[in-house]
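Listed below are the residues making up each chain.
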Amino acid sequence: MSTPINNDWRPILEKATANESYKELKTFLKEEYRTEYVYPKEENIWQAFEWTPYDKVKVVLLGQDPYHGENQAHGLSFSVNPDTAIPPSLRNMYKELETDLGISPVSHGYLKKWAEEGVLLLNTVLTVRKGTAHSHQNKGWESLTNNVIRALNERDKPVVFLLWGNAAKSKRKMIDESKHVVITSVHPSPLSAYRGFFGSKPFSKTNEALESMGQAPIDWQLPEKPQ
């Protein structure tokens, strides 16, 4: 379970994995991947960092743990592999995107374009056992991803943090809001979206914040065919 990152995340992740907590996590994951179905595939665990280098991060969209259904997770929060049904939370995100910015939903849930735009699609836990949500919580991932958030917080160039739901909002205390921008709402899941996610305009608010920082806005339009 090494971190095969070949960009400016490498020294940050090397530091974040050089502790006893990560050694225990590696041991746990080695056995899980050997004996269970675990998502995403091992080679995709670090995908978010590969596609959104540290210096290119404009926005952090924080999820919890990966989707636990077959052929869904590929290392980015909220995103699914091409040719996989769009999960309900992402459908609600697309609805809000259309209301907010007039961008019509596409027919897939593959968010690579957002990652390449500078949106770090980060889960707080990077793996999960098939069919069992939260099965890899409290095994060591939280320590690593907290260190990732702290590393972004320390950066001079400001970041917009999108924190949806209580699990994501709990990370707010790690963020210096005199430098960075935090945008919160309830989670877009069907259980909570009608209690404040719809109408919250997170996409336009993010772009307004970026422009106020002198940064280019995110182009939230996804290609109709996954690329």
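Up top is the structure.
If you're wondering where the values come from, they're calculated on a predicted model, not measured in any experiment. (Residues numbered from 1 in each chain as written. Predicted model: local features only at pLDDT ≥ 70, side-chain atom pairs only at ≥ 80, totals over all residues. Heavy atoms only, no water.)

In terms of burial, strand E5 (residues 160-164) is a largely internal element, five of the five residues being buried. The alternating pattern of E5 places Val160, Leu162 and Trp164 and Phe161 and Leu163 on opposite faces, both of which are buried. Taken together, the four bridges between strand E2 (residues 59-63) and E5 define a ladder with parallel strand orientation. By the bridge assignment for E5, Val59 is matched with Val160. Pairing geometry for E5 and strand E6 (residues 181-185), over five bridges, is parallel. In the strand pairing of E6, Leu163 is matched with Thr184. (Buried < 20%, exposed > 50% of the residue type's maximum accessible area, 1.4 Å probe, protein only. Helix = DSSP H or I, 4+ residues; strand = E, 2+ residues; numbered from the N terminus. Pairing = 2+ DSSP bridges.)

Further remarks concern the sheet that holds strand E3 (residues 119-123). Judged by pairing direction, the sheet is parallel, and its four strands sit side by side in the order E3-E2-E5-E6 without closing on themselves. Each of the sheet's edge strands pairs with one partner strand only, and the pair in question is E3 and E6. Each strand axis lies, on average, 20° off the axis of its neighbour in the sheet, ignoring direction. With respect to the sheet, helix H6 (residues 141-154) is in contact with E2, E3 and E5, its orientation differing from that of E3 by roughly 155°. (Axes fitted to C-alpha atoms, helices over the stretch in contact; angles between N-to-C directions. Contact = heavy atoms within 4.5 Å.)

This part takes up unusual backbone geometry. With an omega of -5°, the peptide bond running from Tyr39 to Pro40 counts as cis. One can find Pro40 in the loop between strand E1 (38-39) and helix H3 (47-51). Backbone geometry at His134 places phi at a positive 65°, although glycine is not the residue there. Relative to the helices and strands, His134 resides in the loop between strand E4 (128-129) and H6. The exposure class assigned to His134 is partly exposed, which follows from its relative accessible area of 37%. A positive phi angle, close to 55°, is found at Lys201, a residue other than glycine.

Right, let's get into the packing of aromatic side chains. Scanning the entire structure with this criterion turns up 14 aromatic pairs. Where Tyr194 meets Phe198, the ring centres are 4.8 Å apart and the plane angle is 65°; that geometry is what we call edge-to-face. What makes Tyr194 exposed here is its relative accessible area of 67%. Counting every residue linked through ring pairs, the aromatic cluster contains Phe78, Trp114, Trp164, Tyr194, Phe197, Phe198, Phe203 and Trp220. Cation over ring: Lys130 sits above Tyr37, and NZ or CZ is 5.1 Å from the ring centre. Note that Lys139 overlies the ring of Phe28, its terminal NZ or CZ placed 4.9 Å from the centroid. (Phe/Tyr/Trp six-rings, centres within 6.5 Å; stacked < 30°, edge-to-face > 60°. Lys NZ or Arg CZ within 6 Å of the ring centre and 35° of its normal.)

Before going further, it helps to examine the nonpolar core. One finds Trp9, Trp46, Trp114 and Trp141 to be the most contacted residues of the largest nonpolar core, which totals 68 residues. By residue number, the principal contributor to this core is H6, which donates six residues. (Core = buried A, V, L, I, M, F, W, Y, C linked by side-chain atoms within 4.5 Å.)

Note on placement: Arg10 falls in helix H1 (residues 10-16). Sequence-wise, Arg10 and Ala216 are 206 residues apart; in three dimensions their C-alpha atoms are separated by 25 Å.

On to the side chain of Asn207, then. Inspection of the secondary structure assignment puts Asn207 in helix H8 (residues 202-212). Here Asn207 is in contact with Leu101, Pro217, Ile218 and Trp220, once residues within four sequence places are set aside.

What follows is about the pattern of salt bridges. One pass over the full model with this rule turns up six salt bridges. When the shortest N-O distance is used, the salt bridge between Glu14 and Arg10 registers 3.2 Å. Linking Glu14 with Arg10, this pair stays in helix H1, spanning four residues, or about one helical turn. For Glu31, the salt bridge goes to Arg34, with nearest N and O atoms at 2.8 Å. (Salt bridge = Lys/Arg side-chain N within 4 Å of Asp/Glu carboxyl O.)

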